[in-house]
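Close look at the chain arrangement
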Amino acid sequence: MGKTVAAVTGGVVLGLAIAFANAGAFQFPWGSGDNGSKPQTSSQNQPQPSHQPAPPNAPEPNEPAVALPSWAPLVRRVMPTVVNVAVVQEIKSSGFPFPGDSGSGDDEGQGPGMGPQGPGGNPFGPGNPFGGDPFEQFRHFFGQTPRNYKEHGLGSGVIVSPDGYILTNDHVVGHADEIHVTLLDKREFTAKVVGKDQKTDLALIKIDTNQHLPYAALGNSTKAEVGDPVMAIGSPFGFNLSVTSGIISAKGRALGGNYDDFIQTDASINPGNSGGPLFNTSGQVIAVNTAIYSSTGANNGIGFAIPINLAKSVMEQLKAHGKVVRGWLGVEIQEVTPDLAKSFGLSMPSGALVAGVESDGPAAKAGIERGDIIAKFNGETVHDEHELPEMVAATPIGKQVPIEVIRNGKHVTLDATIAVLKEQQIASAENPGEAGASWGLQVRDMTPELAQQLGLHNSKGVVVTGVKQDSPAADANLQQGDQILEINHKKINSADEFATLARDAQKNKSQALLLVQRGSATLYTVINPQG
């Protein structure tokens, strides 16, 4: 009886196994295959659906596979041209070195557009009970102990010639007492500064070697377009020769300097990347990494690099003269805002508004006047106030150039002979605030004593004694101590004249164009009572 039950049980199990095999649940060697014993049906010649999951990253059916390009071959080719730059600066101090002291190297706080809490800031944060310097209590108690100390910094650079010239940032090497350069093959050299230019934050250094060095090809930044892929190589936080990639996010960014024309990128740039190259997909340098926009000092997806076309012109002068010689026109300029364009009768805001003219300068001798809008320089259109300083700077000294200005709605062409830019002689671009809804402004008569106190040469007009918060005067960037010289092109000699012209503007609810003297600079701004 037991044998019979076992036989029946075995037969049932075997039958179930064969049934499952035919159903495809298990892969038995005798299971359902192309030559199995499964009855043939009319659906045998039809494609059978697959129930197996697709492999990871596999394309969908009928979708062509697209392989992402690799940066690796390009990295291998250009990596030898990138160097690590380590600097040492001797600090002469009346006390001990404390966190927050800044010197050379890529602290990034010295670069344009850096956030306020970059490396070198207060490590204890704003809540530190000792204030900005956690050691101030100790300084006060023990007194100052004079001593000197050495501060170290890091940056990057790119070799631009086989005989050892290296392009980097001025804020990396500008104040260094020692500069040490390390190549990809671990060779180390001591470098010397050939020349530096603080206005563009560029520097040219050189190492001496008997062997020809690999050097980078310099591209054309003008041809680079927004959306182009780019690659940055540098030494962020001391991690030598790190590679990051991204795209060109924008071009022509200005961060407050007169010669700013930055390329913006989302390729990761951090402290230590400054001075390193930004490559295009052809392996050409199109920019020099310089700054980041960040509140922490670390990358936030917004980095800035100096276009290589600007860097090449600066580098050539640094190599030849050790400094940059720039052209000088002798004007103070500012942005033509929509409000200013309307006040000057322009259909659209463009050009550079002349807010002041240097006496005996090239512009004054050519007949350029305050209130002119420079529309063309040497035949090239001036789209905004940021373009003109670079145009003038690049003009050969002594060259006579035609300058087209808009004066009282008419186009006038004047000829100016460009002179040499000396220190403190820059065509500056002021940015007045937007207009508001009411004036909120207090003024008084300017006196010779008050003018002397404020450092002003003109004792006529009125001086601003108070600006109400959230008023159009505040929105127009008027400040206490400003001297108002004109309203709507009419000169002001007293507070009474100011009040009369101001009442007329307020009564008509019209814009008021103000000419303001602030220190040694003059600028235009607009008050709009209609907001």
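Residues numbered from 1 in each chain as written. Predicted model: local features only at pLDDT ≥ 70, side-chain atom pairs only at ≥ 80, totals over all residues. Heavy atoms only, no water.

Quick look at the overall build of the chain now. What the chain contains, in helices and strands, is 11 helices and 29 strands. Taken across its 531 residues, the chain has 43% of its residues classed as buried. A total accessible area of about 28,600 Å² is found for the chain, and carbon and sulfur atoms account for 51% of it. (Helix = DSSP H or I, 4+ residues; strand = E, 2+ residues; numbered from the N terminus. Buried < 20%, exposed > 50% of the residue type's maximum accessible area, 1.4 Å probe, protein only. Areas by Shrake-Rupley, 256 points an atom, 1.4 Å probe, with all protein chains shown as cover.)

Moving on: the confidence of the model for the chain. Mean pLDDT over the chain: 77, with 71% of residues reaching 70 or higher. Counting interchain partners and residues more than four positions distant, the pLDDT-below-50 stretch residues 94–102 has 24 contacts. Ignoring residues within four places in sequence, the model shows residues 107–145, a span with pLDDT below 50, making 63 contacts including any to other chains. (pLDDT = per-residue confidence, 0-100. Contact = heavy atoms within 4.5 Å.)

Mapped onto the elements, Lys 422 comes out in the loop between β22 (419–420) and β23 (429–430). Judged by its relative accessible area of 55%, Lys 422 falls in the exposed class. Separated by 96 residues in sequence, Lys 422 and Arg 326 have C-alpha atoms that sit 8.2 Å apart.

A few words now on a nonpolar patch on the surface. Together, Val 325, Ile 397 and Val 420 make up an exposed nonpolar region whose accessible area comes to about 190 Å². By secondary structure assignment, the location of Val 325 is in the loop between α5 (308–321) and β15 (327–328). (Patch = residues over 30% accessible without salt bridge, like charges linked within 9 Å, V, L, I, M, F, W, Y side chains within 5 Å. Salt bridge = Lys/Arg side-chain N within 4 Å of Asp/Glu carboxyl O.)

Turning next to the side chain of Glu 486. Within the secondary structure, Glu 486 is located in strand β26 (residues 483–487). Although Glu 486 is buried, it makes no salt bridge; Arg 370 carries the closest opposite charge, 4.5 Å away. Once you skip the residues sitting within four places of it in the chain, Glu 486 turns out to touch Lys 491, Ile 492, Leu 513, Leu 514 and Leu 515. (Lys, Arg positive; Asp, Glu negative; His and termini not counted.)

Let us look at the pattern of salt bridges. The tally for this structure, following the rule as stated, stands at 7 salt bridges. Among the salt bridges present, the one from Lys 206 reaches Asp 208, with a minimum N-O distance of 3.3 Å. Classification of Asp 208 as exposed rests on a relative accessible area of 56%. Taking the shortest distance from any N to any O, the salt bridge between Asp 482 and Arg 518 comes out at 2.6 Å. Of this pair, Asp 482 sits in the loop between α10 (472–475) and β26 while Arg 518 sits in strand β28 (residues 512–518), placing them 36 residues apart in sequence. Looking at Asp 482, the relative accessible area reads 1%, which means it is buried. On the basis of relative accessibility, which here comes to 22%, the residue Arg 518 falls in the partly exposed class. A single salt-bridge network, built from bridges that share partners, covers Glu 369, Asp 372 and Arg 407.

So, about the environment of Ala 191. Relative to the helices and strands, Ala 191 resides in the loop between β5 (188–190) and β6 (192–197). We classify Ala 191 as buried; its relative accessible area is 10%. Expressed as a C-alpha distance, the spacing of Ala 191 and Asp 208, which sit 17 residues apart in the sequence, is 7.7 Å.

Let's shift gears to α5. The α-helix advances 3.6 residues per turn, and as a result positions three or four apart in sequence lie on the same side. Relative to the 20 Å expected for 14 residues at 1.5 Å per residue, α5 spans 19 Å between its end C-alpha atoms, a close match to the ideal helical length. Turning to α5, its buried residues are Ile 308, Leu 310, Ala 311, Val 314, Met 315 and Leu 318. End-on, the buried residues of α5 take up no more than an arc of 140°, which puts them together on one face. With respect to the buried face of α5, the exposed residues turned more than 90 degrees away are Glu 316, Ala 320 and His 321. One or two steps after α5, the chain reaches Gly 322, where phi turns positive at roughly 80°. (Expected span 1.5 Å × (residues − 1). Arc of directions from axis to C-beta.)

Right, let's talk about the nonpolar core for a bit. Trp 439, Ile 484, Ile 487 and Phe 498 are the most contacted members of the largest nonpolar core, which has 35 residues in total. Taken together, the elements giving at least two residues each to this core come down to α6 (338–343), β17 (352–357), β18 (373–377), β25 (462–467), β26, α11 (495–507), β28 and β29 (521–527). Contact partners of Trp 439, with chain neighbours within four places excluded, come to Ser 471, Pro 472, Ala 473, Ile 487, Phe 498, Ala 502, Ala 505, Gln 506, Ala 512 and Ile 527. Residues Leu 74, Val 75, Ala 216 and Met 231 belong to the second largest nonpolar core, which totals 28 residues. (Core = buried A, V, L, I, M, F, W, Y, C linked by side-chain atoms within 4.5 Å.)

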